[in-house]
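# Residue-level structural notes
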Amino acid sequence: MADPTQQAGLTAASVRADVADLLGRDAGDIGADENLLDAGLDSIRIMSLIERWRAAGADTVEFPDLAERPELGRWISLLTQENA
Amino acid sequence: MNADPAVNPDPAVDSVVDPGPGHTPWPVADAARYRALGHWRGQTFGTWLSGLAAAYAERTAVVGVSAATGEQVRWNYAELDEQAHRLAAGFADRGIEAGERVLVQLPNVAEYVPVIFGLWRAGALPVFALPAHRHSELVHFAAHSEAAAIVTVGSHDRHDYAAAAHAVAGEVPSVRRVFVVGSDEFAELAAAEPRELPDPDPEGLAFLQLSGGSTGMSKLIPRTHDDYLYSVRESARICRLRPDSVYLVVLPVAHNYPMSSPGILGALHAGAAVVLSPRPDADTAFALIEAEGVTMCGVVPPLAAAWVQAAGRTRRDLSTLEVLLVGGAKCGRELAERIEPALGCRLQQVFGMAEGLVFYTRLDDPDELVLSTQGRPISLDDEIRVVNPDDPDAGSGDVVEPGQAGALLTRGPYTIRGYYRAADHNATAFTADGFYRTGDLVRLRPSGHVEVVGRVKEQINRGGEKVAPEEVENHLMAHPDVLDAALVGVADDFLGERTCAYVVPVDGTEPGEAELRRFVRERGVAAFKVPDRVVLTAEFPTTGVGKTSKRELRAVLAAQAKNG
């Protein structure tokens, strides 16, 4: 796992890369509205992402925020100023 | 080697009741010995709780979110026992009879505790489903146990449990009632005038737990009041629970681990408080640890890893936490070493199975043993044999050299002698002299501490949730574009193991990964059984001959995954 403290904050690309890394897929392949639970994420993995992203500066994100709508586009807009 | 798609087995309808007894009793001489030693005390869960209520009446027993109100509730021991009496009467008034099985699918809501005691007081046998279980699994549990009723909640975490229960009731003829905790009807049931009902036989069956299974669908594990309560009392003692302890449940409460290792029952035995967390994430759990002064909690390794990470940035006060139990899957040494410094509490490793046998590291064990082993058995009367791992039929006498890895066999005062109505399976799952083949590959230290090395049975341990390859393969093969499938476990930094399905598509088709995953999910199975990865392959490697080839195939594929 990359050392998250070296990240200078979260970007759409870094969020996408973190998710792709966990799913073992190419970052470009994941659709913005694809259901990430269908894609193989689960609550334990979502928790690991939360820890990584909180350490990278998204310090208010909580588990239900991500679990409610497990879609990359939604997560990127929650975590960054960018769009997917 | 390719399976004929025309004869794909369909687990959802594999619900024919196996011949064979529900309960395989211990031999008379063993039972007499367990009684004489005081392990079995002739006490039921109902009378046990009433005894606790007399001793600890005003002390807090249960704290949790109510399914009825969504608000946190707090019940003392006297209130809990009274609710158990009312619920028992309510269930009995609605036709639930002693000895009948009742499928219970409840999330971590406060009502879970009084509901199971109410069922026990009514003489009914809870069958413990997990919130993650879906239609095909619930149908199997209900049909196989011939459940008379289902107890569940309404909508919870975006899933309509009540609708799912009604769908099961529509398919399984034995299911006469669906009870929805939180509904007005249930409130009426729970308000029944409390009364004493006939106390069931303490050496008779109390409930059915689920096994992870290794071949096809989960087996049902029949436990008695006497045998289970022995393990509960000893667990409470080993984990040093006291009346001022506070035990936090973060895992799904119906798992055997948070039930009794030491779990809610161990905490109650000590007069301690049980706090139910609706979710396992660090934010939710740490807030409860601070607010309730939690002293003990049990987690699985991936959760422990997430908590260790979260501890570095939390502002919550975790100083009351004395012991974190880690179990359900092997806790690697690296993670084990990080727990005490990060969370400021003692690590206690636990390794157990719903079939019985539980190991704990002791709180005064040297650090080296706590970090590198999964502990030693609860009881001196747990008989442990480590036998030849290469022979699936190895008997209790085929022991390996001391210190060598081998297959773990056990029998004892709280380990079952047979699965529920599964005569055929029992013939291979137990030795002729009654030892249970746990399927775990272990190494035994001279101190009696055990080190889990892996599995001999084909079962994938995905962060504490057990997955049977055959069950998932059967679901995959029900897809029209799938000719054959093999599910293997591959190493995962976070989960220990994750699942990878190798799929041979029907000629000319190319089912997508996401589509196959969705297909399995929509077949009605728990999310943890949906393959993490799906890899299409034109054909499977050739693997020797005969009917065991699926097993060999999985081994070859797992080795391939490991090497590249």
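Residues numbered from 1 in each chain as written. Chains lettered and ligands numbered in written order. Predicted model: local features only at pLDDT ≥ 70, side-chain atom pairs only at ≥ 80, totals over all residues. Heavy atoms only, no water.

### Regarding the overall build of chain B
- Across its full length, chain B carries 18 helices and 26 strands.
- A compact globule built from 564 residues would reach a C-alpha radius of gyration of about 24 Å, and chain B, at 23 Å, matches this within 12%.
- Expressed as a percentage of the 564 residues in chain B, the buried residues total 60%.
- Across chain B, the fraction of contacts at a sequence separation of at least 24, relative to all contacts at a separation of at least 6, is 70%.
- Accessible surface, chain B: about 20,800 Å² in total, of which carbon and sulfur atoms supply 51%.
- Of the charged side chains in chain B, 53 are positive and 75 negative, and the gap between their average positions amounts to 3 Å. (Helix = DSSP H or I, 4+ residues; strand = E, 2+ residues; numbered from the N terminus. Rg over C-alpha atoms; globule rule 2.2 N^0.38 Å. Buried < 20%, exposed > 50% of the residue type's maximum accessible area, 1.4 Å probe, protein only. Contact = heavy atoms within 4.5 Å. Areas by Shrake-Rupley, 256 points an atom, 1.4 Å probe, with all protein chains shown as cover. Lys, Arg positive; Asp, Glu negative; His and termini not counted. Charge placed at Lys NZ, Arg CZ, Asp CG, Glu CD.)

### Section: the environment of V15 of chain A
All names here are of chain A.
- Structurally, V15 is set in helix α1 (residues 12–23).
- Looking at V15, the relative accessible area reads 0%, which means it is buried.
- Note: C-alpha distance between V15 and L72 (57 residues apart in sequence) is 8.2 Å.
- If we ignore the near neighbours within four places in the chain, the residues touching V15 are L10, W53, L72, I76, L79 and T80.

### Observations regarding helix α17 (residues 513–522) of chain B
Residues and elements named next belong to chain B.
- Turning to α17, its buried residues number three or more, namely L516, R517 and V520. In an axial view of α17, the angular spread of the buried residues amounts to 100 degrees, which keeps them on one side of the axis.
- The inward-facing, buried residues of α17 abut α16 (469–477), β24 (482–492), β25 (496–505) and β26 (533–536).
- Immediately downstream of α17, the backbone of G524 shows phi near 90 degrees, a positive value. (Arc of directions from axis to C-beta.)

### Considering the confidence of the model for chain A
Residue and element names in this part refer to chain A.
- Taken residue by residue, chain A gives an average pLDDT of 82. The fraction at 70 or more is 89%.
- Across chain A, the secondary-structure element scoring lowest on mean pLDDT is helix α2 (residues 43–55), at 85, and the one scoring highest is helix α4 (residues 72–79), at 93.
- The low-confidence segment residues 1–7 (pLDDT under 50) makes 7 contacts with residues lying over four places distant or belonging to another chain. (pLDDT = per-residue confidence, 0-100.)

### Points about the nonpolar core
Residue and element names in this part refer to chain B.
- Ranked by internal contacts, the top residues of the largest apolar core, which has 171 residues, are Y112, F117 and W307.
- No other element matches helix α12 (residues 301–311), which puts 8 residues into this core.
- In terms of domain composition, this core takes at least three residues from each of domain 1 (45–59 + 77–200) and domain 2 (458–563).
- Leave out the neighbours within four places in its chain, and Y112 touches V104, L106, F128, V253, A254, M259 and I264. (Core = buried A, V, L, I, M, F, W, Y, C linked by side-chain atoms within 4.5 Å. Domains from an automatic or database assignment.)

### What to know about the packing of helix α2 (residues 45–56) of chain B against helix α3 (residues 77–93) of chain B
Residue and element names in this part refer to chain B.
- At a minimum axis distance of 8 Å, the contact between α2 and α3 shows a crossing angle of 150 degrees. Between α2 and α3, the interaxial angle falls into the category roughly antiparallel. The two elements α2 and α3 meet at a crossing, and its hand is left-handed. Where α2 approaches α3, its residues G46, L49, S50, L52, A53 and Y56 are matched on the opposing element by Y77, A78, L80, D81, A84 and H85.
- In the contact of α2 with α3, the residues fall into 8 nonpolar, 3 polar and 1 charged. (Axes fitted to C-alpha atoms, helices over the stretch in contact; angles between N-to-C directions. Parallel < 35°, antiparallel > 145°, perpendicular 65-115°, else oblique. Left-handed = near helix turned anticlockwise from the far one by under 90°. Nonpolar A, V, L, I, M, F, W, Y, C, P; charged D, E, K, R; others polar.)

### Quick notes on the packing of α2 of chain A against α12 of chain B
- Packing of α2 of chain A against α12 of chain B brings their axes to within 10 Å, and their N-to-C directions diverge by 15 degrees. As the angle between them shows, α2 of chain A and α12 of chain B are arranged roughly parallel. Between α2 of chain A and α12 of chain B lies a crossing of left-handed hand. Across from I44, M47 and E51 of chain A in α2 of chain A, the residues of α12 of chain B making contact are P302, L303, A306, Q309 and A310 of chain B.
- Looking at side-chain class alone, the contact of α2 of chain A with α12 of chain B contains 6 nonpolar, 1 polar and 1 charged residues.

### Overview of the interface of chain A and chain B
- Taken residue by residue, the interface counts 21 residues in chain A and 23 residues in chain B.
- Interface of chain A and chain B: buried area, both sides summed, is about 2,000 Å²; carbon and sulfur atoms make up 50% of it.
- Looking at the side of chain A facing chain B, the largest losses of area belong to D38, R45 and E51 of chain A, adding up to 30% of the total buried there.
- Across the chain A-chain B interface, the total number found is 4 salt bridges. (Buried area = accessible area lost by both parts, 1.4 Å probe. Salt bridge = Lys/Arg side-chain N within 4 Å of Asp/Glu carboxyl O.)

### Looking at unusual backbone geometry
All names here are of chain B.
- The omega torsion across S261 and P262 is -15 degrees, close enough to zero to call that bond cis.
- With respect to the helices and strands, the residue P262 is situated in the loop between α9 (256–260) and α10 (263–269).
- Positioned with a positive phi, E146 is a non-glycine residue whose angle comes to about 45 degrees.
- By the element assignment, E146 lies in the loop between α5 (135–145) and β5 (149–153).
- The residue R421 is not glycine, and still its phi comes out positive at about 45 degrees.
- Inspection of the secondary structure assignment puts R421 in the loop between β19 (406–411) and α15 (423–429).

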